[in-house]
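Each chain, written out:
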Amino acid sequence: MLDQPLIKVVLLLSVVVVTAMLTRSTAGVRHQAVRRLLLVGFVVLAATAILFPRVMTQVAQLLGVGRGADLLLYGLTVVFLGYVAASYRRMRELEQQVTTLARELALRAAVHDTTEHDTPEPDGPDASPGQSSRRSPS
């Protein structure tokens with residue numbers, strides 16, 4: 001349990017930070033700025049790992065991980081979990097919006113149908129007895 005304690009602390013803190021970010025509201029300039037900063041940080045980290053692979057191994061060894069590839073795998077696991085959680089949250093919000101819109105449309109259609117049947121229409125000069133001037137919906 002206590003082997004490689006530094007990497008475990010770093011990974012657990014990463015999971016806590018990702019969880020905290022996902023439980024906050026997504027609306028707002030501040031949240032957008034944090035997402036952009038994280039994206040820039042990711043690009044810089046990826047470029048560093050590609051250009052200087054030994055740096056990744058040295059950082060991994062500082063954290064108590066044997067190889068840079070293992071550290072990369074741990075990091076990608078945390079990022080993947082964050083992505084899945086964010087996608088789930090976004091999907092739930094979209095489902096709620098669709099449900100709200102569907103209910104609103106159903107209520108509007110019901111009100112429209114009710115008012116259409118309740119108001120008598122005057123017969124026009126061309127209307128024959130028993131025939132309304134109203135057209136049926138297509």
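It should be emphasised that the depicted structure is a prediction, and the values quoted were computed from it without experimental measurement.

Attention now goes to the overall build of the protein chain. Scanning the protein chain from N- to C-terminus turns up 4 helices and 0 strands. Going from the N terminus to the C terminus, the protein chain shows its helices and strands as α-α-α-α. Relative to its full complement of 138 residues, the protein chain shows a buried share of 9%. Looking at the protein chain as shown, the accessible area adds up to about 11,600 Å², and 67% of this sits on carbon and sulfur atoms.

Looking now at a nonpolar patch on the surface. There is a patch of nonpolar side chains on the surface, built from Ile 50, Leu 51, Phe 52, Val 55 and Val 59 and spanning about 490 Å² of accessible area. Looking at the nonpolar patch, the elements with two or more residues in it are α2 (29-51) and α3 (53-62). Its location among the elements puts Phe 52 in the loop between α2 and α3.

Bringing the pattern of salt bridges into the picture now. All told, the structure shown has 4 salt bridges when counted by the stated rule. Across the pair Glu 93 and Arg 89 runs a salt bridge whose closest N-O atoms are separated by 3.8 Å. In this pair, Glu 93 and Arg 89 are both assigned in helix α4 (residues 68-118), 4 residues apart and thus about one turn of the helix distant. Judged by relative accessible area, which is 32%, Glu 93 ranks as partly exposed. One salt bridge connects Glu 104 with Arg 108, and the closest N-O pair in it is separated by 3.0 Å. A residue pair is termed a helical-turn pair when its members lie 3 or 4 positions apart in one helix, as Glu 104 and Arg 108 do in helix α4 at 4 residues.

This part is about the confidence of the model for the protein chain. Within the protein chain, residue pLDDT values average 78, and 77% of them lie at 70 or more. Confidence, expressed as mean pLDDT per element, reaches its minimum in the protein chain at helix α1 (residues 5-23) with 76 and its maximum at α3 with 90. A low-confidence stretch, residues 132-136 (pLDDT under 50), is modelled with 7 contacts involving residues beyond four sequence positions or located in other chains.

Let us now look at the packing of α2 against α3. Remark: α2 packs on α3, axes separated minimally by 4 Å, with the N-to-C direction vectors making an angle of 105°. Comparing their axes, α3 and α2 come out roughly perpendicular. In this structure, α2 uses Thr 48, Ala 49, Ile 50 and Leu 51 to contact α3, whose residues at the interface are Pro 53, Val 55 and Met 56. Among the residues making up the contact of α2 with α3, the classes are represented as 6 nonpolar, 1 polar and no charged.

Okay, the nonpolar core next. For soluble globular proteins, the rule of thumb is that nonpolar side chains tend to be buried together. Membership of the largest hydrophobic core is limited to 5 residues, which are Ile 7, Ala 60, Leu 63, Val 65 and Leu 71. The contact partners of Ile 7, leaving out residues within four places of it in the chain, are Leu 63, Val 65, Leu 71 and Tyr 74.

Mapped onto the secondary structure, Thr 57 falls in helix α3. Overall, the relative accessible area of 29% leaves Thr 57 in the partly exposed class. Sequence separation between Thr 57 and Leu 72 is 15 residues, and the spatial gap between their C-alpha atoms is 9.6 Å. Sequence-distant contacts of Thr 57, that is, excluding residues within four places in its chain, are made with Gly 66 and Gly 68.

Conventions we followed
- Residues numbered from 1 in each chain as written.
- Predicted model: local features only at pLDDT ≥ 70, side-chain atom pairs only at ≥ 80, totals over all residues.
- Heavy atoms only, no water.
- Helix = DSSP H or I, 4+ residues; strand = E, 2+ residues; numbered from the N terminus.
- Buried < 20%, exposed > 50% of the residue type's maximum accessible area, 1.4 Å probe, protein only.
- Areas by Shrake-Rupley, 256 points an atom, 1.4 Å probe, with all protein chains shown as cover.
- Patch = residues over 30% accessible without salt bridge, like charges linked within 9 Å, V, L, I, M, F, W, Y side chains within 5 Å.
- Salt bridge = Lys/Arg side-chain N within 4 Å of Asp/Glu carboxyl O.
- pLDDT = per-residue confidence, 0-100.
- Contact = heavy atoms within 4.5 Å.
- Axes fitted to C-alpha atoms, helices over the stretch in contact; angles between N-to-C directions.
- Parallel < 35°, antiparallel > 145°, perpendicular 65-115°, else oblique.
- Nonpolar A, V, L, I, M, F, W, Y, C, P; charged D, E, K, R; others polar.
- Core = buried A, V, L, I, M, F, W, Y, C linked by side-chain atoms within 4.5 Å.

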